[in-house]
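# Residue-level structure breakdown
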Amino acid sequence: MDLSAAEFRLLKVFLEHARQVLSRDQLMDLTKGREALPFDRSIDNQISRLRKKIEKDPKNPTLIKTVWGGGYMFTEELTIV
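Let me sum up the structure you'll find in this document. Computed from a prediction, not measured in an experiment: that's the story for all the values here. (Residues numbered from 1 in each chain as written. Predicted model: local features only at pLDDT ≥ 70, side-chain atom pairs only at ≥ 80, totals over all residues. Heavy atoms only, no water.)

### Looking at unusual backbone geometry
Test applied: In DSSP terms, a helix is any run of H or I states spanning at least four residues, a strand is any run of E spanning at least two, and both are numbered starting from the N terminus.
Unlike most non-glycine residues, arginine 19 shows phi in positive territory, near 65°. By the element assignment, arginine 19 lies in the loop between α1 (5–16) and α2 (24–32).

See below:
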């Protein structure tokens, strides 16, 4: 599957922090090295695009969950052998 550089960085952060709730600010800092502005929705847009590529049903995601009041969480923990 083809991922943009931003989508790849976001997926990498999710894999490195599997099963941890990450706020928009944390995701911005970990992917772009800066804090999110108060109305910056770029992370939400990137997550939406990434869900369309990796989820079986992007409207009912199982891999990248929204945690209301907290942020987002990658639900799977991968073990590299």
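Past the structure itself, the notes keep going.
### Observations concerning the nonpolar core
Let me state the cut-off plainly: Residues belong to one nonpolar core when they are buried, are Ala, Val, Leu, Ile, Met, Phe, Trp, Tyr or Cys, and are joined through side-chain atoms within 4.5 Å. Categorising residues by exposure relies on relative accessible area from a 1.4 Å probe, with only protein chains included: less than 20% of the type maximum marks a residue as buried, more than 50% marks it as exposed, and the intermediate range marks it as partly exposed. The contact criterion used throughout is that any non-hydrogen atoms of two residues lie within 4.5 Å.
Phe14, Leu27, Ile47, Ile64, Tyr72 and Phe74 are the most contacted members of the largest nonpolar core, which totals 15 residues. Those elements that provide at least two residues to this core are α1, α2, α3 (42–54) and β2 (71–74). Excluding residues that lie within four positions of it along the chain, isoleucine 64 makes contacts with Phe14, Ile47, Leu50, Arg51, Ile54, Glu55, Tyr72, Met73 and Phe74.

### Examining the environment of asparagine 60
Along the chain, asparagine 60 turns up in the loop between α3 and β1 (64–67). According to the relative accessible area criterion, asparagine 60 is exposed, its value standing at 52%.

### What to know about the packing of aromatic side chains
We count it as follows: Note on ring pairs: Phe, Tyr and Trp rings are taken, using the six-membered ring of Trp, and paired if centres are within 6.5 Å. Classes follow the plane angle, with under 30 degrees stacked, over 60 edge-to-face and the rest tilted.
A full pass over the atoms with the stated rule returns one aromatic pair. Taking the centre distance of 6.2 Å and the plane angle of 25° together, the rings of phenylalanine 14 and phenylalanine 74 count as stacked. Here phenylalanine 14, found in helix α1, pairs with phenylalanine 74, found in strand β2; they are 60 residues apart in sequence, far enough to count as distant.

### Some words on the packing of α2 against α3
Note the threshold: Here, axes are lines fitted to C-alpha atoms. For helices the fit covers the stretch in contact, and angles between N-to-C directions go from 0 to 180 degrees. To sort the angles, those under 35 degrees are grouped as roughly parallel, those over 145 as roughly antiparallel, those from 65 to 115 as roughly perpendicular, and the leftovers as oblique. Under the convention adopted here, Pro, Cys and the residues Ala, Val, Leu, Ile, Met, Phe, Trp and Tyr are nonpolar, Asp, Glu, Lys and Arg are charged, and Gly plus all remaining residues are polar.
Between α2 and α3, the shortest axis-to-axis distance is 10 Å and the interhelical angle comes to 80°. On the basis of the axis angle, α2 is roughly perpendicular to α3. Between α2 and α3, the residues in contact are Arg24, Leu27, Met28, Thr31 and Lys32 and Ser42, Ile43, Asp44, Gln46 and Ile47, respectively. Its residues assigned to classes, the contact of α2 with α3 comprises four nonpolar, three polar and three charged.

### Thoughts on the pattern of salt bridges
Formally: Only one rule defines a salt bridge in this text: a Lys or Arg side-chain nitrogen within 4 Å of an Asp or Glu carboxyl oxygen.
Under the defined criterion, the tally for this structure stands at five salt bridges. Between glutamate 16 and lysine 12 there is a salt bridge, and its shortest N-O distance comes to 2.7 Å. You can see glutamate 16 and its partner lysine 12 sitting in helix α1, four residues apart, about one turn around the helix. Owing to a relative accessible area of 47%, glutamate 16 belongs among the partly exposed residues under this scheme. Where aspartate 44 meets arginine 24, a salt bridge forms, and the shortest distance between an N and an O atom there is 2.9 Å.

### A word on the pairing of β1
The cut-off we apply is this: Two strands are counted as paired when DSSP detects at least two bridges linking them.
Here β1 runs beside β2; their pairing, made up of four bridges, is antiparallel. Counted as the bridge partner of valine 67 is glycine 71 from β2. In this antiparallel pair of consecutive strands, β1 and β2, the connection spans three residues, and glycine 69 shows a positive phi of 80°.

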